[in-house]
Amino acid sequence: MARSSTAVARRSSGSSGRTAKNGQELSLIIHPYHRHDPRSQPPYLYPPYRITPARSPRKPLIVLPHTLSEITGPVYGHGDITETDNDLTRQHAGEPLGERITVSGRVLDDNGRPVPNTLIEIWQCNAAGRYAHRIDQHPAPLDPNFSGTGRTLTDAHGNYLFTTVKPGPYPWNNHPNAWRPAHIHFSLFGAAFATRLVTQMYFPGDPLIPFDPIVNSIPDEKAHQRLISKFELDLTKPGWSLGFRFDIVLRGREETPFETKR
Amino acid sequence: MKPRGKKPDLVPIPWQTVGPFFTITLTDPRPLPNIAGPDTKGERVKLVCTVFDREGAPVPDAMIEIWQANAEGKYNHPDDTQKKPVDPAFLGFGRMATNGEGICAFDTIKPGRVPGRGKSVQAPHLVVGVFARGVLKRLATRIYFAGDPANDEDPVLALVPKARRATLMAQPIAGEPGAWRCDVHLSGKRETVFFDV
């Protein structure tokens, strides 16, 4: 598995690492991840998203310098994925209703290196704006041919692709006449506990985006654009599906690892 | 093809809440309550986690993710270069949604000690991610075991004001050997310590 130049550093440190008589490691390479720019991320408390006051901590977070516990995380393999997992239009006997779309992109770290073999999980409502979930009471029809759930692994270059249908917007009870813009939920692991990301992908030109408190919770408006996919003719399959590109940048490693003498 | 010469935007993209419907992909098809299987080595523990909101009400639509080392204190990950054995019967990852009472439980083993920074050694702990509708980005915390003598020399606990350390301690459940209670208070008087990871 080629996971950037750090993999090389790791290997060489492993071969030259010395071990004390009691079996304790004498040296260990810790290569921490960059911290987020707070303006590019939502805060926890954002009262226009009405439930956040009940569910957000008020005490300042404690900054935790990364240890082995934060720079490791679950590793997945191709055995975790089945053939139709990334094609949400082929998971039932018939085809789902709605606009068939291809959603594809590349997962990179913030150093510009691809993130290979990482698990991406998605979930979404159907074309009418209804989730196949027992608590969704929106009076729009369920689609017996659509579950709205998908997963895939990025390839060696960080690329991924899903085939699905375009989700519909739907009302929610956050404030009077509140509607969520059409979106697909994305969950990614990256290489470590520190790189975990759950986000939502939106569609270009959606008039509901500027009214959405979940998008607007992100202070830097430029960062909102990073959540909006781009229509791309090159990803559009003639006579078949519209193509949307959604590239995802995860946290990358700091410039220099440090070695711990033990 | 992307236009050449355009500098890519290399700022990590923003978090967004998991919302109320994540279970259809993240937990219902593949719940992971058994972090340890029958062949996993180590001292069996059951972690009973309850998530509470600011008013002390249970949160019925939260999700907890757990990542931990094996009984020897080794992570099943290529960046853990310690010369300790990986347990082939142990990945170390668990994930569950809370039920109507805000509860989810994990069957696992007590992790061994892993190195901290410098010469420090961390006390047995699990790293924990808490997600929920209304939680705009993951809340990161840890679970330690109350009464473990190694807690006194743990370098991460040392960063936490003494009065708040108890919020990170799992407490043994009376009458249920091996079972530990882990309460997560998102907010309020008993607010759990969360980390900027």
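The rules behind the values
- Residues numbered from 1 in each chain as written.
- Chains lettered and ligands numbered in written order.
- Predicted model: local features only at pLDDT ≥ 70, side-chain atom pairs only at ≥ 80, totals over all residues.
- Helix = DSSP H or I, 4+ residues; strand = E, 2+ residues; numbered from the N terminus.
- Rg over C-alpha atoms; globule rule 2.2 N^0.38 Å.
- Contact = placed C-beta atoms within 7 Å.
- Nonpolar A, V, L, I, M, F, W, Y, C, P; charged D, E, K, R; others polar.
- pLDDT = per-residue confidence, 0-100.
- Buried ≥ 20, exposed ≤ 12 C-beta atoms within 10 Å, placed from the backbone.
- Pairing = 2+ DSSP bridges.
- Axes fitted to C-alpha atoms, helices over the stretch in contact; angles between N-to-C directions.
- Core = buried A, V, L, I, M, F, W, Y, C linked by C-beta atoms within 7 Å.

## Thoughts on the overall build of chain B
Point 1. Helix and strand content of chain B: one helix and nine strands.
Point 2. By the compact-globule yardstick of 16 Å for 197 residues, chain B fits well, its C-alpha radius of gyration being 18 Å.
Point 3. Reported as C-alpha extents along the three principal axes, the dimensions of chain B are approximately 60 × 45 × 35 Å.

## A word on the interface of chain A and chain B
A common way to report how large an interface is uses the accessible area buried once the components associate.
Point 1. Contact with chain A, which involves 74 residues of that partner, is made by 64 residues of chain B.
Point 2. In the side of chain A that touches chain B, the residues fall into 35 nonpolar, 24 polar and 15 charged.

## Quick word on the confidence of the model for chain B
All names here are of chain B.
Point 1. In this model, chain B carries a mean pLDDT of 95, and residues with pLDDT of at least 70 account for 96%.
Point 2. Under a pLDDT of 50 for its full length, residues 1–6 has, in the predicted model, one contact with residues more than four places off or in other chains.
Point 3. Scoring the predicted complex yields pTM 0.92 and, for the interface, ipTM 0.95.

## Here we look at the pairing of strand β4 (residues 119–123) of chain A
Residues and elements named next belong to chain A.
Point 1. Counting buried residues in β4 gives four out of five residues, a clear majority hidden from the surface.
Point 2. Sheet topology note: the β4/strand β5 (residues 149–153) ladder contains five bridges and is antiparallel. If you follow Ile120 over to β5, its bridge partner there is Thr152.

## Quick notes on the pairing of strand β5 (residues 125–132) of chain B
Residue and element names in this part refer to chain B.
Point 1. With seven of eight residues buried, β5 is to be regarded as a mostly interior element.
Point 2. Pairing between strand β2 (residues 62–67) and β5: six bridges, direction antiparallel. Across the sheet, residue Ile64 finds its bridge partner in β5, namely Val130.
Point 3. Where β5 lies against strand β6 (residues 139–145), six bridges are found, and the strand directions are antiparallel. The partner of Gly129 across the bridge, within β6, is Ala140.
Point 4. Connecting the antiparallel pair β5 and β6 is a turn made up of six residues, with Gly134 showing a positive phi of about 85°.

## Here's the deal with the sheet that holds β5(A)
All names here are of chain A.
Point 1. Here we have four strands laid out as an open sheet, ordered β5-β4-β9-β10, and antiparallel in their pairing. The open sheet is flanked by β5 and β10 (197–202), the only strands paired with a single partner. Here the average twist between neighbouring strands, direction ignored, is 20°.
Point 2. As paired strands, strand β9 (residues 183–188) and β10 are joined by six bridges and run antiparallel to one another. From the neighbouring strand, Ser187 faces β10, where its bridge partner is Val198.

## Quick look at the nonpolar core
Point 1. Among the nonpolar cores identified, the biggest contains 105 residues, and Ile64(B) and Val130(B) are the most heavily contacted of them.
Point 2. For this core, the element with the most residues is β5(B), which contributes six residues.

## As for the confidence of the model for chain A
Point 1. Model confidence for chain A is summarised by a mean pLDDT of 90, while 89% of its residues fall at 70 or above.
Point 2. Between residues 1–23 of chain A, whose pLDDT stays under 50, and residues either more than four places distant or in other chains, the model counts 29 contacts.

## Focus on unusual backbone geometry
All names here are of chain A.
Point 1. With a phi angle near 50°, Asn117 is a residue other than glycine that sits in the positive phi range.
Point 2. Looking at where Asn117 falls in the secondary structure, it is placed in the loop between β3 (100–109) and β4.
Point 3. In the Ramachandran plot, Asn177 falls in the positive-phi region, its phi being about 60° despite a non-glycine side chain.
Point 4. Looking at the element boundaries, Asn177 is found in the loop between β7 (170–172) and β8 (178–180).

## Observations concerning the environment of Pro167(A)
Residues and elements named next belong to chain A.
Point 1. Structurally, the position occupied by Pro167 is in the loop between β6 (159–165) and β7.
Point 2. Pro167 sits 111 residues away from Ser56 along the chain, and the two C-alpha atoms are 29 Å apart.
Point 3. Setting aside residues no more than four positions away along its own chain, Pro167 makes contact with Gln124, Cys125, Asn126, Ala127, Ala182, His183 and Ile184.

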